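# Fold and contact review
Here's the letter readout for the chains.
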Amino acid sequence: MSEYSEIFDEISELLQKGKAKDIVGSVQKALDAGAQPADILQDALMSGMNIVGGKFKRNEVFVPEVLIAARAMNKATEALKPHLAKAGVQPVGKAIICTVKGDLHDIGKNLVKMMIEGKGIEVEDLGVDCDTQAVVDKVKETDAKVLCLSALLTTTMTVQKDVIDALKDSGVRDKIKVMVGGAPVTQGFADEIGADAYTQDAASAADVCRAFFD
Ligand code: B1M
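In short, a report on the structure. Since the structure is predicted, the reported quantities are computational estimates derived from the model, not experimental observations.

Take the layout of surface pockets next. Each pocket or cavity is described by its volume, and for the largest pocket that value is around 1,500 Å³. Elements represented by at least two residues in the lining of the largest pocket include exactly helix 3 (37-57), helix 4 (63-84), helix 5 (107-117), strand 3 (146-150), strand 4 (177-181) and helix 9 (202-211). A per-element tally of the lining of the largest pocket places helix 3 first, with ten residues. When grouped by side-chain class, the residues that make up the lining of the largest pocket number 28 nonpolar, twelve polar and four charged. Counting the residues that make up the lining of the largest pocket, at least three belong to each of domain 1 (5-86) and domain 2 (94-211).

Glancing now at the side chain of threonine 99. Residue placement: threonine 99 occurs in strand 1 (residues 94-99). Taking the relative accessible area as the measure of exposure, threonine 99 reaches 0% and is therefore buried. Ignoring sequence-local partners within four residues, the contact set of threonine 99 consists of His105, Asp106, Lys109, Gly127, Val128, Asp129, Cys130 and Ser150.

Relative orientation of the contacting elements helix 1 (residues 5-17) and helix 3 amounts to 40°, with a least axis distance of 8 Å. On the basis of their axis angle, the class for helix 1 and helix 3 is oblique. Where helix 1 crosses over helix 3, the two elements pack in a sense that is right-handed. Here helix 1 contributes Phe8, Ile11, Ser12, Leu15 and Gln16 to the contact with helix 3, which in turn contributes Asp39, Ile40, Asp43, Ala44, Leu45, Gly48, Met49, Ile51, Val52 and Lys55. Residues belonging to the contact of helix 1 with helix 3 are distributed by class as follows: nine nonpolar, three polar and three charged.

Moving on: the site of the ligand. Contacts to the ligand come from 35 residues, most closely from Gly102, Leu104, His105, Asp106 and Ser150. Threonine 154 has a polar backbone atom sitting 2.9 Å from an oxygen atom of the ligand. Between an oxygen atom of the ligand and a main-chain N or O atom of alanine 202, the distance comes to 3.0 Å. When atoms are counted within 2 Å of each cavity's grid points, the one that captures over half of the ligand is the largest pocket. For the shell around the ligand, the element with the highest residue contribution is helix 3, accounting for six residues.

Conventions we followed
Starting from 1, residues in each chain are numbered consecutively following that chain's sequence as written. Where totals are concerned, whole chains, interfaces and linings use all residues; where local detail is concerned, this predicted model gives features only for residues with pLDDT of at least 70, and gives and counts side-chain atom pairs only at 80 or more. Just so you know, side-chain values use all the structure's heavy atoms and leave hydrogens and water out. Both cavities and pockets are sets of points on a 1 Å grid over the protein atoms alone; in a cavity a 1.4 Å probe fits but cannot get out, in a pocket the set is open with protein on both sides within 12 Å along at least five of seven lines, and lining residues sit with an atom within 4 Å of a point. Grid points are joined across faces, edges and corners, and a volume is the space filled by probe spheres set on the points. To qualify as a helix, a DSSP run of H or I must reach at least 4 residues; to qualify as a strand, a run of E must reach at least 2; elements of each kind are numbered from the N terminus. The classification used treats Ala, Val, Leu, Ile, Met, Phe, Trp, Tyr, Cys and Pro as nonpolar, Asp, Glu, Lys and Arg as charged, and all other residues, Gly among them, as polar. Residue ranges assigned to each domain were obtained from an automatic or database domain assignment. Here the term buried applies to any residue with accessible area under 20% of the maximum for its type, exposed to any over 50%, and partly exposed to those in between, with areas from a 1.4 Å probe on protein chains only. Contacts were defined at the residue level, with two residues in contact if any of their heavy atoms lie within 4.5 Å. Helix axes are fitted only over the stretch in contact, all axes being lines through C-alpha atoms; the angle between N-to-C directions runs from 0 to 180 degrees. In these notes the angle categories are as follows: under 35 degrees is roughly parallel, over 145 is roughly antiparallel, 65 to 115 is roughly perpendicular, and the rest is oblique. Left-handed describes a crossing whose near helix is turned anticlockwise from the far helix by less than a right angle; the clockwise case is right-handed. One heavy atom suffices: a residue is near a molecule or strand as soon as one of its heavy atoms comes within 4 Å of it. Side-chain atoms alone can form a polar contact between residues adjacent in sequence; in general such a contact is a pair of N or O atoms within 3.5 Å, and within protein one must be able to donate a hydrogen while the other accepts it. Put plainly, a molecule is in a cavity or pocket when over half of its atoms are within 2 Å of the grid points there.

Here you go:
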């Protein structure tokens, strides 16, 4: 058992109850006590969100409860952001990130963005439910080297393929590396749709993204 398990449990409970204001104070309390930001993220926030996800699946909680938990998660990760990112790093280049069309989940995307920024890469965030043509247009008009596509639903992961196909049709596929991720996405799926990389979590997404700039 970790020496921080009590405060981590407190954070997890606050997340599950969607207490956005209180959670920021508890995250700060954990940091002040010496807990590592990555452990707060993994063992308090993500584990709390997984409990919410399980209850959602079993119909024990519904969309409004999940939404307020998600809001608390976003507040807490914002508070953690300066501690996760390396300070004072000059940007080595630019990446684009979005959640694909039809998909409103943004917590994982925001984490991936935060971790990539922590590697000194400027990230342009196109948001959620992102129109496929708008992504292609953005690739055309910027000098971004990497495009990160997040999808959380089995019904929207296929939109990652639509984006890759649209990049090919527009003649800009070779201009950019495409990374895909999100809970239902696998390495096999990424290979099948012709993505350049797949990673399971935000930390490894940042490592792989950084390697594209070497
Ligand atoms: Co949604 N939802 N949801 N939901 N939701 C899931 C995904 C689901 C698994 C829940 C369940 O049934 N257990 C299920 C999907 C089933 C499926 O398709 N197989 C589901 C469903 C069904 C739905 C709706 C259809 C429900 C409904 O309306 N009936 C609906 C769809 C809306 C839409 O998008 N069109 C819906 C809505 C919502 C809310 C709006 C209420 C809310 C989202 C709020 C928000 O994001 N602002 C929500 C939430 C919060 C969830 C759960 C509970 C949590 C997702 C999350 O944020 N996890 C989720 C269940 C679960 O995952 N346990 C669920 C924490 C986050 C840190 O993890 O996003 O996986 P994740 O990101 C990880 C990795 O995947 C990876 O790194 C991250 C961190 O390491 N990663 C990448 C993500 N993107 C990456 C990109 C990369 C690399 C790695 O490279 C580019």
